[in-house]
Amino acid sequence: MALLDVDELAVTFARRGQRTVHAVDGVSFSVDAGEVTGLVGESGCGKSVTSLAIMGLLPAGKGVRVQGKAAFDGTDLLQLDPRAMRDVRGRDVAMIFQDPLSSLNPVVPIGVQVTEVLVRHRGMRGEAARLEAEHLLDRVGIPDPTRRLKEYPHQLSGGMRQRALIAMAVACQPRLLIADEPTTALDVTIQAQILELLKDLVRESGTALVMITHDLGVVAGMCDTINVLYGGRVVETARRRPLFAAPRHPYTVGLLGSIPRLDAGHGQRLRPIPGSVRDLLPWPDGCAFAPRCARQVDACLGTAPQLLREPDGHAFRCVNPPETDHTGEAAGE
Amino acid sequence: MSDLLSPGRKKAKLDRLAELSAAHDDERGVSLWQEAFRRLRRNPAAIVGTVILGVFLLVALVGPFLVPYDPAAQLWKDEIREAQAFYPGPRAENWFGVDHLGRDEFSRMIVGARQTLLVGVVATLIGLTVGTLIGGLAGAAAGLGGRWGRWVDTVLMRIVDMLLALPSLLLAISIAALLGASLTTVMIAVGMVSVPIFARLLRGSMLAQSNSDYVLAATSLGVRRSKVALTHILPNSLAPVIVQSTLTLATAIIEVAALSFLGLGNPDASIPEWGVMLADAQRYLDAAPRLAILPALGIIITALGFTLLGEAMREALDPKLRK
């Protein structure tokens, strides 16, 4: 059984006088222990809202509605009462955020913020907590942890801040780690280091990692299974190799086609996906991607396409999928 | 490359490097507060304010032990000629002259400084304590408490709004009238006037902070809500409150003087207080204007000192003005 089973997760934001926004519109995916699962998509496709919903971090009330199931080891996280959920957060499930500077409290030394988790979930006190915090910083590759513990976030470099946040997230050896664009705010060289660190942590501890990103390069280097999101739904799910070799959804094809390539001919232009995420069609009216899709046919409209699952587990939500194995040609002119 | 440098230039380069690393070492363990303090020291307004307040504090704390005469003793009563409206002016033995009852004005000003400081500080502390409690509770409840928290916030803030709706002097007079005229009453009254300001300020600041990323990050680690409020939200919300308290000290001193002037202050006339002195002096404005001018100047300069320092602190702590 999968460690995390997200089933038909839907999040709507309602605001008086405005149309209800379906930020996440029935997302289903599963995460296996020890695996890296990717959630990929453009800005606004519901990646972050999905993760916040699983963590129970969306503001209660205020027009936010979360439906569906997120079964973690058999327990539906969405049904847990807030108190029980607070025990789960940080201990069993932890999260790493996009911007390491704003995710650290500017007026509190790093040490206090790291030990906070240890005090909360592992019942550590005083010297023991400090030593463990030192050990954690050391483990995520922060040199001179004794001194760093006394420092404030603004004195650390961007990469070091993200390492500190990772240290806090893995402090209790959670079984599931959600990383929401953990490298977006960092330099490319630092990005590589942070990804390497995350990979190591997954390998060593058997933690399942959900990698939320819009960077297909990160996905190619990290993820075992990939879920491509569009308009708040999963449009394609596959293992890494089949997804890159033979994508079956035009959106995935478009994403792959818009990556700059070193081996592309001189003067060859990038092929962006026309339109923007805002052009989506509400799912009940058909395929949300249809307005931007080059392979659109009449069957795309009217009803939402079902998720078709092939024997090898490759699943996609398209009535007119690109058939060929040749990515380039399938991009659909 | 470096081999091409002459020994002298090489040495200069090494020195520069050492200097840079030393400068870097200096910055270790520098919190935002220390940085703010550094900015404060460069601001002329802050220096002027600090000097004024330093002198005022010195006079208020040490002065009473050094005064030449007992401020309550009517040592020169015989020299006063009320019929000719004559009150001995500044001279060698009485630097600020003699007041309408034959007491040494200089001694009274100095002892009055202590009284003014005491009343101002205590009044501000009352306002600060009550205001921060209400504002902190409301801010934490509104930011983290869900539906029930929002209800607590609403109730607390409507009470604060009611306080805010009353004109401050009227509120102070009502409290003073209710509890009877005394120094304690004046302090409570002036303190209550500043409660809504502190409460609103802290609540707003905390609400803004509770939407920040680090609060989300701490919450995602399962940190308890009370801990999030106390270690994360509160310390980040205090800067405007601290600034406001220096500004409130200035208004508190003025308001205390105003209440004393209106006769709601300390009924014990033997203890000098600048507001009372000002009130007493108005009848002798023609004969001895200095009796009114001196305490008025005292109030103005002290309030100015607090205001200058407060404004400078606001600038130093405002993240938007940070370079």
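Residues numbered from 1 in each chain as written. Chains lettered and ligands numbered in written order. Predicted model: local features only at pLDDT ≥ 70, side-chain atom pairs only at ≥ 80, totals over all residues.

Asks: Go over the overall build of chain A, please, and point to the residues and values.
Replies: Helix and strand counts for chain A stand at 11 helices and 12 strands. At 21 Å, chain A has a C-alpha radius of gyration in line with the 20 Å of a compact globule built from 333 residues. With the C-alpha coordinates of chain A rotated into their principal frame, the extents come out at 65 × 50 × 40 Å. (Helix = DSSP H or I, 4+ residues; strand = E, 2+ residues; numbered from the N terminus. Rg over C-alpha atoms; globule rule 2.2 N^0.38 Å.)

Asks: Account for the overall build of chain B, naming residues and giving values.
Replies: What chain B contains, in helices and strands, is 11 helices and zero strands. Ordered by position from the N terminus, the helices and strands of chain B form the series α-α-α-α-α-α-α-α-α-α-α. The burial tally for chain B puts 42% of its 323 residues in the buried class. The contacts in chain B between residues at least 6 apart in sequence include a share of 71% that link residues at least 24 apart. (Buried ≥ 20, exposed ≤ 12 C-beta atoms within 10 Å, placed from the backbone. Contact = placed C-beta atoms within 7 Å.)

Asks: So what's going on with the packing of helix α3 (residues 110–122) of chain A against helix α6 (residues 158–170) of chain A? Which residues, and what values?
Replies: Residues and elements named next belong to chain A. Relative to each other, α3 and α6 sit at 20°, their axes nearing to 8 Å. The angle between α3 and α6 falls in the class roughly parallel. For the pair α3 and α6, the crossing hand works out as right-handed. Across from Ile-110, Gln-113, Val-114 and Val-117 in α3, the residues of α6 making contact are Ala-164, Ala-167 and Met-168. Partitioning the contact of α3 with α6 into residue classes produces six nonpolar, one polar and no charged. (Axes fitted to C-alpha atoms, helices over the stretch in contact; angles between N-to-C directions. Parallel < 35°, antiparallel > 145°, perpendicular 65-115°, else oblique. Left-handed = near helix turned anticlockwise from the far one by under 90°. Nonpolar A, V, L, I, M, F, W, Y, C, P; charged D, E, K, R; others polar.)

Asks: Summarise the packing of helix α4 (residues 105–144) of chain B against helix α11 (residues 290–317) of chain B; cite the residues concerned and give the values.
Replies: All names here are of chain B. Following both chains from N to C, one finds α4 and α11 inclined at 30°, their axes separated by 11 Å at the closest point. The handedness of the crossing between α4 and α11 comes out as right-handed. The segment α4 lies against α11, with Glu-105, Met-109, Gly-112, Ala-113 and Thr-116 engaging Leu-291, Leu-294, Pro-295, Gly-298 and Thr-302. Across the contact of α4 with α11, the residue classes tally to five nonpolar, four polar and one charged.

Asks: So, the environment of Leu-40 of chain B: which residues are in play, and what are the values?
Replies: Residue and element names in this part refer to chain B. Of note, Leu-40 is situated in helix α2 (residues 32–41). Since 19 C-beta atoms lie within 10 Å of it, Leu-40 is described here as partly exposed. The sequence separation of Leu-40 and Ala-312 amounts to 272 residues, and the corresponding C-alpha distance is 6.5 Å. Contact partners of Leu-40, with chain neighbours within four places excluded, come to Ala-46, Ala-312, Met-313 and Ala-316.

Asks: With reference to specific residues and values, describe the interface of chain B and chain A.
Replies: In this assembly, 22 residues from chain B lie in contact with 30 residues from chain A. Mapped onto the side of chain B that touches chain A, the elements with two or more residues apiece are α5 (146–165), α8 (213–220) and α9 (225–261) of chain B. For the side of chain B that touches chain A, the element with the most residues is α8 of chain B, which contributes six residues. Here the residues of the side of chain B that touches chain A are counted per class, giving seven nonpolar, 10 polar and five charged.

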